[in-house]
Structures are given as structure tokens and as C-alpha cells.
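# Coordinate analysis (summary)
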Amino acid sequence: TQLLEQSPQFLSIQEGENLTVYCNSSSVFSSLQWYRQEPGEGPVLLVTVVTGGEVKKLKRLTFQFGDARKDSSLHITAAQPGDTGLYLCAGDPGTASKLTFGTGTRLQVTL
Amino acid sequence: EAQVTQNPRYLITVTGKKLTVTCSQNMNHEYMSWYRQDPGLGLRQIYYSMNVEVTDKGDVPEGYKVSRKEKRNFPLILESPSPNQTSLYFCASSKTSGGAIPSYNEQFFGPGTRLTVL
């Protein structure tokens, strides 16, 4: 089973700060997804990156897929309390139909 | 409204008492999957189904069964639950094409079922 390690595991910051979450693996993925999960709910897809080196922006969130397609990062600019949640990366190895999820980064943004 | 529903949302049971967690989707998705979520371990796949009557093991299938008799439903069965199956369970569904999940398809998750086995 391919593993995805996320860091940091926990992050508590104040509103307005910037942060970066990392998702790393020794394996190559054909694509990588980022999900956000809020308490009491299931994960919701934020973005999918497919090409090595690809950068995608979603308002204040910037996602990057590593050149070798083994890692990814999520950068949040000027974090807001509404960004609070569990962030999960999920890699598709490109074989028989299953995603491998990362260990998750729990973000708390306070006023 | 497009959604994945799970029932029950919360369940406390005792060791050995068979239980079923239901999952239903209204998006006509071929692919459905069950995950369990445990602190520090992320989401781990239990079983998945590519279509009706087609199921396969995920990473942690021991102690679980599934069936896919209809496209919209994918129940998770615990024949003899044990305390190590205490967890938060998620059902998910997704489109497929050509018999395999395209690498960039979004998975839609249900709200989760919190199971405690005493």
C-alpha cells in the first residue's frame, strides 16, 4: 500500500497568518486530490492536480503538485476562521481504482 | 439534491451483535466505497464496488462484508463486531468510465457513521 504522509499533523494559527501543509510520498501518483472535512461531515473535494509541477489556485488557497508527482503542498494566505477543518490529500496511483488518503492535517484558525 | 446518505449516524453496540450500516446515493454513480477514519491514520479503504455485483477488498477488509445488489445502495455489514472496529465510517461514490475510475474523479462522501463497539 502506498503511503501519504502529511505534515504538520496539527496547526493552530491566528486569523491573517499564512500556512503551508505538505503531503509526501515515496511513490508516484497519476493525480492528487485535496479534501477538506469539517466536524460531523464527510470530506469535500477542493481540487485535483494532475500534471507534475502544476499549480492551482482557489481564492486564498494555492495547491502545487511536485515535479516528480510524489508530493504536494497546500498554501493558505491570510487564513480565516472559516478555513478551520481537517485537510486530507489523496493520491491516485493510476492502477485499479482506489485512492490512498494521507494522514490529515487538522487546522484551527482563531480570531 | 445530489447526496450520499448513511444510516445510522451514530451506533453503540456490543461485541458480536451483527449490524448493518446502510449507504445510498442518488447520483447514478457506478463506483462506491467504504472507508474508516481513525485518529492519526487518515481514511483507510475497507471495500469498494465498481458496479452492481462487483466488489473488491480495500486495505482493511477483515471483519467486514459488503454487497451491491442495486446501483444506488452499498451496505456495510459487520457480522461479529469487535471493539477494534470502533471508528468513524464513511461511504463515498464516484463516476467511472470504461470500467475504471478516471484518475481525477471527485468522490462524494456521506456524513459518516460513528460506531462504538463495547
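Above this note sits the structure.
## Some words on the overall build of chain B
- Secondary structure assignment for chain B yields 0 helices and 11 strands.
- Element order for chain B, N to C, with α for helix and β for strand: β-β-β-β-β-β-β-β-β-β-β.
- The globule rule puts the C-alpha radius of gyration for 118 residues at 13 Å, and the 14 Å found for chain B is close to it.
- Principal axes of the C-alpha set define a box for chain B whose edges measure 40 × 30 × 25 Å.
- By the burial criterion, 51% of the 118 residues in chain B qualify as buried.
- Once local pairs closer than 6 in sequence are excluded, the contacts in chain B between residues at least 24 apart make up 56%.
- Split by element, the accessible area of chain B, about 5,600 Å² in all, is 51% carbon and sulfur.

## Topic: the sheet that holds strand S1 (residues 5-7) of chain A
Residue and element names in this part refer to chain A.
- Strand order in the open sheet formed by 5 strands is S1-S3-S8-S7-S6, with antiparallel pairing between adjacent strands. Two strands in the sheet have a free side with no partner beyond their single neighbour: S1 and strand S6 (55-58). On average, each strand axis in the sheet is inclined to that of its neighbour by 15°, with strand direction left out of account.
- Examined bridge by bridge, S1 and strand S3 (residues 19-24) share 3 bridges and lie antiparallel to one another. Bridge pairing in S3 links Ser 7 to Tyr 22.

## Points about the state of the cysteines
Residue and element names in this part refer to chain A.
- Taken as a whole, this structure holds 2 disulfides over all chains when the rule is applied.
- Through a disulfide, Cys 23 is tied to Cys 89; the S-S separation comes to 2.0 Å. The S-S bond linking Cys 23 to Cys 89 shows a torsion near 80°; that makes this disulfide right-handed. Of this pair, Cys 23 sits in strand S3 while Cys 89 sits in strand S9 (residues 85-92); the two residues are 66 residues apart in sequence, bridging distant segments of the chain.

## Quick word on a nonpolar patch on the surface
- A contiguous nonpolar patch, built from Ile 12, Val 14 and Leu 118 of chain B and spanning about 320 Å² of accessible area, is present on the exposed surface.
- You can see Leu 118 of chain B is positioned in the segment after strand S11 (113-117).

## Side note on the environment of Gly 52 of chain A
Residues and elements named next belong to chain A.
- Mapped onto the elements of the fold, Gly 52 is located in the loop between strand S5 (44-49) and S6.
- The exposure class of Gly 52 is partly exposed, given its relative accessible area of 31%.
- When residues no more than four places from it in sequence are discounted, the contact partners of Gly 52 are Phe 65, Gly 66, Asp 67 and Arg 69.

## Remarks on the pattern of salt bridges
All names here are of chain B.
- On inspection of all chains with the given rule, the structure shows 8 salt bridges over all chains.
- Measuring nitrogen to oxygen at the nearest pair gives 3.9 Å for the salt bridge that ties Glu 30 to Lys 71. On the criterion of sequence distance, the pair formed by Glu 30 in the loop between strand S3 (19-25) and strand S4 (31-38) and Lys 71 in the loop between strand S7 (65-66) and strand S8 (76-78) is long-range, its members being 41 residues apart.
- Its salt-bridge partner being Arg 44, residue Asp 38 comes within 2.8 Å of it at the nearest N-O pair.
- Members of the salt-bridge network, linked through shared partners, are Lys 18, Lys 65 and Glu 79.

Parameters and conventions
- Residues numbered from 1 in each chain as written.
- Chains lettered and ligands numbered in written order.
- Predicted model: local features only at pLDDT ≥ 70, side-chain atom pairs only at ≥ 80, totals over all residues.
- Heavy atoms only, no water.
- Helix = DSSP H or I, 4+ residues; strand = E, 2+ residues; numbered from the N terminus.
- Rg over C-alpha atoms; globule rule 2.2 N^0.38 Å.
- Buried < 20%, exposed > 50% of the residue type's maximum accessible area, 1.4 Å probe, protein only.
- Contact = heavy atoms within 4.5 Å.
- Areas by Shrake-Rupley, 256 points an atom, 1.4 Å probe, with all protein chains shown as cover.
- Pairing = 2+ DSSP bridges.
- Axes fitted to C-alpha atoms, helices over the stretch in contact; angles between N-to-C directions.
- Disulfide = S-S within 2.5 Å.
- Patch = residues over 30% accessible without salt bridge, like charges linked within 9 Å, V, L, I, M, F, W, Y side chains within 5 Å.
- Salt bridge = Lys/Arg side-chain N within 4 Å of Asp/Glu carboxyl O.

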